[in-house]
Each structure stands twice: as C-alpha cells, then as structure tokens.
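Each chain, letter by letter, is given below.
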Amino acid sequence: MSFRRVQLWIFASLILLAFALLWIARLRAPESFDWSVHYQHQSDQPYGAKVLMELLPNYLNGKVELIKLPLSTGVLGARAGTYVVIRERFNLRSTEVDSLYQWVERGNTALIACSYGLNVLSEVCIEEDSAREWWDEEILDSLSLNFQSETLALERDHVLQYWFMDSVYPNAWSLMEADSLLSIWPEAEAIGVHESGWLNAVRLPMGSGSVILLSTPMVLSNMELITPPGRDYAERLLSYIPQGDVFYDLRLISHDFSTNYQEGPLRFVMQHVALRWAWYLLLIGILLFIVFHTRRRQAAIPIFEPRENQSMEYLHSLAALYLQQRRDHRIIARMMREQFLSFIRDQYPIRQPALDAETALRLSRLSGIDLEAIESLFLRFQGVDQEAEFEDYALLRLNRELQNFYKNYS
C-alpha cells in the first residue's frame, strides 16, 4: 500500500472518529428546548400543548378527536361536545365562523384561545371597524390574572410571564375591554380579569351553548401546566367547559404556523430518527467522496531544483583577484569607485556624478556629510589613476573613508 493511500485511510478514520465523538457529545449534552410559541398538540416543548392533551380526557371524562377539515364542510355534524382551538392567531373564515355559531347554538361549547384575530368572531355580527374596539395589546413584563367569580377566585393573582432561554421578557399581551365587549355582546359574561380591569377570558352565550374566548392561550401551554399555580389556574378555567368529548382543531396548526414558529426542512428531518440517520450518512458519504475522488488526476508537476547561491563564488573571485594584484590594487579601487558612483545615482538626484567640487557640494547637502570628508574621499578616488603605485595602505584608507560615508549618509 502506497504512502498516499495510507494517508487517505488515516484521514477517513479521523473523520469517522470525529463524527462518533460528536454523536457521543450530543447524547451526553443537556437537553435543549424550543422556545417558539406554537402550541402543537404533540410537542413537549415549553410552549407546546402535550400536557393539555393529556389533561383534557381525564378532566372532561371524554375523548379527544382531532379536526383536520374546514368547519364549513360539516365536520362537526350532529356530534355534541366542545370545540377547542389554541394558537397565536385565529384565522377562521366567516363561513366557518357561521358554521361554528350554528353548531354552538345547538347546545355545544367552543373554547377559542388565541392572542390575535378575535375580531373575526364579531365581523359576522357587526361591521369590521367596530369589531376592532373591544380588544387591545399591552406590552408588559407579566400579567396578574384572576377570576371574576367569587367561587373560583384565587387567593393570590396568577402571574403569567413570557419566558425565553430561562429569562423573562416583555410581551405583547392581548386583553379585552369589558364595556366595548358588552356593546357588541350584551349577554357576555366576564370569566378572567386582569388587575387593570381588562378581561382575558369571557363567555358569550349563543342559543343553548356558549363560546369561551381566551386571549392568553399561554396559560394552557406545557410550561404553565407543569407548575402547581399554572395547573390550578387552568383547572379553574376548564371548569367552564361541560363534560364530554373534545374536538381539537389541528388544521389551524398544521397548515399555518404563526410567525413565532416556522418549521424548516432540516428541523423536520432532525425530528425523525430514520431521516436524521439518513442525513448523517449522506454527510459522511460526501466527505468520503471528497477524500477519495477529488485527488489530482493530472501529471505530476516536475520538481525544479532551487538556484544556487553564487555569493560565495563571487567572493572567491574577488579574493583571487586581490591575490593576483598583490602589489597594485588599482582594479579593486576602480571597482569600489564604480560602485560608489552607482550608489550616488540610485540614492540622490545626481544623474551624472563626477569627482569634482560641484558634485562634492551637492552630495554634501543631500547626504548631510561634511564637505571636507566628501572632498577627501573624492581625492582618494582621483589618486587611483594618478599615483604611480596603489599599495595596501592606500586601499585601506580608501575603504575606511568609503565605509564612513556609507555609515553616516542620510
């Protein structure tokens, strides 16, 4: 087995090990909650309605039937019981409201627990503009709720709060104004009252039956019913519902989620074990495909040897030249002179530098070096061609003055 294949197998093993560790970490991690407000009948999340669905059959001595068809189709028919809908927004059409009213008038009950859209109920009876005057929204940190009836009144008000991620947040609570409501339904009976005098629960008599409106459906959520005060409040509220079967409208939840809860495709996949494992296997397959099938398939790029450093050879050449010119060092001095003139052309705006007084004056001004030092250096360079011999001590003096210039120029 080639070394590259061994590397790929090691890499694939590490990926599988990482997935295994993530899965173990997920199993051992503390349970996370979905804090969206949706009131799903099978959800055990804080704002689901699973606890209520378990409470209703035992409390009302009847069975719970899920309604999935429009009320205008006559799905309730001649059956007797209580129609229940719990969600954030009530959006039945006027034709369905008519069918619901006719069913209630025959001696049945309807519990409508919705925060918004309750004006649809009164639009059937009165004009829309007037229907909006009997309920309003208040942004409060909490609601202090109690019952109007002396027999059901709590010793202490029940405090309703909106929790999110283990913290309490202000919420837009819907409440009903008693006088405005009586102007629409004079027979309306107050059930639940807020400390401000506004109502959160009323009963509207209709024929032989009644409609119970609850503008705070959160009191029926799991989070409320698992606490003793919340369960006590809900039981007192449900005492207004007669014994018998319950028809729970699942259709409003299944086809139109509220703005607080939107289930995406990935959420749906992760809620089912088979689909969740299929998703994991798909991700593992994609990673293995990337590892084994995306290798380079073109010819290998040839390796070019890096260029050798020629600096040492250059130094050896200069040393050999120095040995050859042991007595006369003019060649080395001339090379130093050419490098010096090239340096002046590169560093300063002197295009044609010469070893004369004018160049010395300009160079002194530009470099900040004493004019006398520059004139002395120029004289050393001029002596390269003028002196009969250019011996060791002359080359050393030239090099010392030249290095002094390089060290102090600006």
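Residues numbered from 1 in each chain as written. Predicted model: local features only at pLDDT ≥ 70, side-chain atom pairs only at ≥ 80, totals over all residues. Heavy atoms only, no water.

> Which residues make up the nonpolar core, and what are the values?
Membership of the largest hydrophobic core comes to 40 residues, with the highest contact counts inside it found for Ile-86, Val-219, Leu-220 and Leu-237. Residues contacting Leu-237, with those up to four places away along its chain left out, are Phe-147, Ile-191, Ala-201, Leu-214, Val-219 and Leu-220. With 35 residues, the next largest nonpolar core counts Leu-92, Val-104, Leu-118 and Leu-213 among its residues. (Core = buried A, V, L, I, M, F, W, Y, C linked by side-chain atoms within 4.5 Å. Buried < 20%, exposed > 50% of the residue type's maximum accessible area, 1.4 Å probe, protein only. Contact = heavy atoms within 4.5 Å.)

> Before we move on, could you go through the pairing of strand E10 (residues 199-206) and cite the residues and values that matter?
Counting buried positions over the eight residues of E10 gives six, a clear majority of the element. Inspection of the sheet shows strand E9 (residues 189-194) paired to E10 by four bridges, in the antiparallel sense. Bridging across to E10, Glu-189 finds its partner in Arg-203. Taking the residues that link successive antiparallel strands as the turn, the E9-E10 hairpin has four residues, and the phi of Gly-197 there is positive, at about 100°. Here E10 runs beside strand E11 (residues 209-214); their pairing, made up of six bridges, is antiparallel. Note on E11: the bridge partner recorded for Val-202 is Leu-213. (Helix = DSSP H or I, 4+ residues; strand = E, 2+ residues; numbered from the N terminus. Pairing = 2+ DSSP bridges.)

> Talk me through the pattern of salt bridges; I want residue IDs and the actual numbers.
Using the criterion set out here, one finds seven salt bridges in the structure. Of the charged contacts in the structure, one is a salt bridge between Glu-189 and Arg-203, with a shortest N-O distance of 2.6 Å. Residue Glu-189 is found in strand E9, and its partner Arg-203 is found in strand E10; the two are separated by 14 residues along the sequence. Each of Arg-334, Arg-337 and Asp-385 takes part in a single network of salt bridges with overlapping partners. (Salt bridge = Lys/Arg side-chain N within 4 Å of Asp/Glu carboxyl O.)

> Please give an account of unusual backbone geometry that cites residues and values.
Residues other than glycine seldom take positive phi values, yet Tyr-39 does so here, at roughly 60°. Within the secondary structure, Tyr-39 sits in the loop between helix H1 (3-28) and helix H2 (50-60). Overall, Tyr-39 belongs to the buried group, its relative accessible area being 1%. One non-glycine residue, Asn-61, adopts positive backbone phi at about 55°. Following the sequence through the fold, Asn-61 ends up in the loop between H2 and strand E1 (64-67). Asn-61 sits in the exposed class, given a relative accessible area of 61%.

> Go over the packing of aromatic side chains, please, and point to the residues and values.
Following the criterion strictly, the structure yields 14 aromatic pairs and no others. An angle of 25° between the planes, with centres 5.9 Å apart, marks the rings of Tyr-47 and Tyr-162 as stacked. Residue Tyr-47 is found in the loop between H1 and H2, and its partner Tyr-162 is found in strand E6 (residues 158-164); the two are separated by 115 residues along the sequence. An aromatic cluster of three or more residues is present, and its members are Phe-340, Phe-343, Phe-378, Phe-381, Phe-405, Tyr-406 and Tyr-409. (Phe/Tyr/Trp six-rings, centres within 6.5 Å; stacked < 30°, edge-to-face > 60°.)

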